[in-house]
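# Notes for the structure review
Spelled out, the chains give:
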Amino acid sequence: MLATEVTEGEFKGWKTWTEEPFEHDTAGPFYMRTDEKGQVAAFRAQRKHMNAGGVMHGGWNHQTQEAKNMSQLPYQELSRSIKGKTALITGAASGMGRATAHLFAREGANVAVTDLRQGDVDTVVKEIKDAGFDNVKGWELDVSDAAAIKRVIDNAAAHFGGMDILVNNAGIAKAADIGEESYEDSWGPSINVMLTSHQRAIRAALPYMRKNGWGRIVNIASTEGLGATPGNSPYVSAKHGVI
């Protein structure tokens with residue numbers, strides 16, 4: 001629970017549910033109070049005078065203290081760094097997937113570039129290496145193939161020594177008129193590539209993340225997951241499913 005910074009007068013004015021020294025050291029006791037809504041106020045009593053050597057002495061003077069000085073924090077501090085982590089990105093040969101692969105490599109992650117055609121994958125891998133980053137390798141991957149998903153994720157994890165980040169980015173656009181007989185030709189592949197593949201990839205990567213005790217999964221959706229475009233219902237349905 002974080003403490004709100006208050007003055008001593010404000011502190012004394014709060015309805016007191018609890019009041020006790022939270023910690024005590026040479027800087028003075030650190031008191032806490034809780035109001036009826038459960039909000040916490042805190043201040044530290046500090047020595048009033050300071051001698052020429054910078055050492056406090058004499059009586060006590062109450063000053064406000066921010067929550068960061070509390071000796072116990074009720075949360076775990078997080079880091080945004082992905083340096084040394086291993087990330088697999090589907091649909092990484094173009095667009096957002098390609099941009100993500102480049103960015104992750106620059107941020108120090110090991111990057112597994114995957115896409116439908118090996119030639120396109122190799123192009124992105126070369127781009128990243130030419131930029132000065134060798135922490136990258138590519139695999140051909142058709143995400144509509146369940147066995148291929150598991151095989152590639154296992155191979156990438158074996159190559160880099162684990163799997164920490166999964167970005168389900170692969171997508172296709174197959175417009176279709178729901179009144180036409182050919183509608184199923186768009187519906188099946190769209191759902192498979194942009195929805196079913198997500199849970200397959202997650203299930204393949206999850207054991208590695210659990211083993212590491214750390215993992216991040218990003219499933220790419222679309223504004224079409226919040227609305228709809230006529231004639232695009234297979235894509236719209238898949239993206240609604242992601243959200």
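All values derive from a computational prediction rather than experimental measurement.

Parameters at a glance
- Counting restarts for each chain: residues are numbered from 1 in the order of the written sequence.
- Per-residue local features are limited, in this predicted model, to residues with pLDDT of at least 70; the limit for side-chain atom pairs, both in listing and counting, is 80 or more; totals at the level of whole chains, interfaces and linings are taken over all residues.
- Only hydrogens and water are set aside when side-chain values are computed; all heavy atoms of the structure are taken into account.
- Paired strands are those between which DSSP finds at least two bridges.
- Going along the chain from the N terminus, every DSSP run of H or I of four or more residues is numbered as a helix, and every run of E of two or more is numbered as a strand.
- All axes are obtained by fitting lines to C-alpha atoms, using only the stretch in contact for helices, and the reported angles, taken between N-to-C directions, cover 0 to 180 degrees.
- The contact rule is simple, with two residues in contact once any of their heavy atoms fall within 4.5 Å.
- In this scheme, a residue with accessible area under 20% of its type's maximum is buried, one over 50% is exposed, and one in between is partly exposed, where area comes from a 1.4 Å probe on protein chains only.
- Residues adjacent in sequence count toward polar contacts only when both atoms are side-chain atoms; beyond that, a polar contact is any pair of N or O atoms within 3.5 Å, and within protein one must be able to donate a hydrogen and the other to accept it.
- The criterion for an aromatic pair is that two Phe, Tyr or Trp rings (for Trp, the six-membered ring) have centres within 6.5 Å, with stacked assigned to planes under 30 degrees apart, edge-to-face to planes over 60 apart and tilted to the rest.
- Look at NZ for Lys and CZ for Arg. If either is within 6 Å of the ring centre and within 35 degrees of the ring normal, a charge sits over the ring.

## A closer look at the sheet that holds strand E9 (residues 165-168)
- The parallel open sheet is built from five strands, whose spatial order is E8-E7-E6-E9-E10. Sheet topology places strand E8 (136-140) and strand E10 (216-219) at the edges, where each strand pairs with a single neighbour. Neighbour to neighbour, the strand axes of the sheet diverge by 15° on average, direction disregarded.
- Bridge count for strand E6 (residues 86-89) against E9 is three bridges, and the pairing is parallel. By the bridge assignment, Ala-87 is partnered in E9 with Ile-165.
- Here helix H3 (residues 118-130) sits on the sheet in contact with strand E7 (110-115) and E8, set at roughly 175° to E8.
- Those strands touched by helix H5 (residues 183-212) are E9 and E10, and its axis lies near 175° from that of E9.

## Examining the side chain of Asn-135
- Inspection of the secondary structure puts Asn-135 in the loop between H3 and E8.
- The buried category is assigned to Asn-135, whose relative accessible area is 17%.
- In this structure the side chain of Asn-135 is engaged in a polar contact, spanning 2.3 Å, whose partner is the backbone oxygen of Ala-109.
- What Asn-135 contacts, discounting residues up to four positions off in sequence, is Ala-105, Gly-108, Ala-109, Asn-110, Val-111 and Phe-160.

## Considering the environment of Lys-150
- Its location among the elements puts Lys-150 in helix H4 (residues 146-160).
- On the basis of relative accessible area, Lys-150 is assigned to the partly exposed category, the value being 47%.
- Reaching out from Lys-150, the side chain makes a polar contact with the side chain of Asp-154 at a distance of 2.7 Å.

## Quick look at the packing of aromatic side chains
- Counted by the stated rule, this structure contains two aromatic pairs.
- Relative to Phe-160, the ring of Trp-139 lies with its centre 6.4 Å away and its plane at 70°, an arrangement referred to as edge-to-face. Remark: Phe-160 occurs in helix H4 and Trp-139 occurs in strand E8; sequence separation between them is 21 residues. Both residues of the pair, Trp-139 and Phe-160, count as buried.
- Positioned above the aromatic ring of Trp-139, the side-chain terminus of Lys-137 is 5.6 Å from the ring centre.

## Notes on the environment of Trp-139
- Classification of Trp-139 as buried rests on a relative accessible area of 12%.
- Sequence separation between Trp-139 and Ala-156 is 17 residues, and the spatial gap between their C-alpha atoms is 8.3 Å.
- What Trp-139 contacts, discounting residues up to four positions off in sequence, is Ala-112, Val-113, Thr-114, Asp-115, Gln-118, Val-121, Val-152, Asn-155, Ala-156, His-159 and Phe-160.

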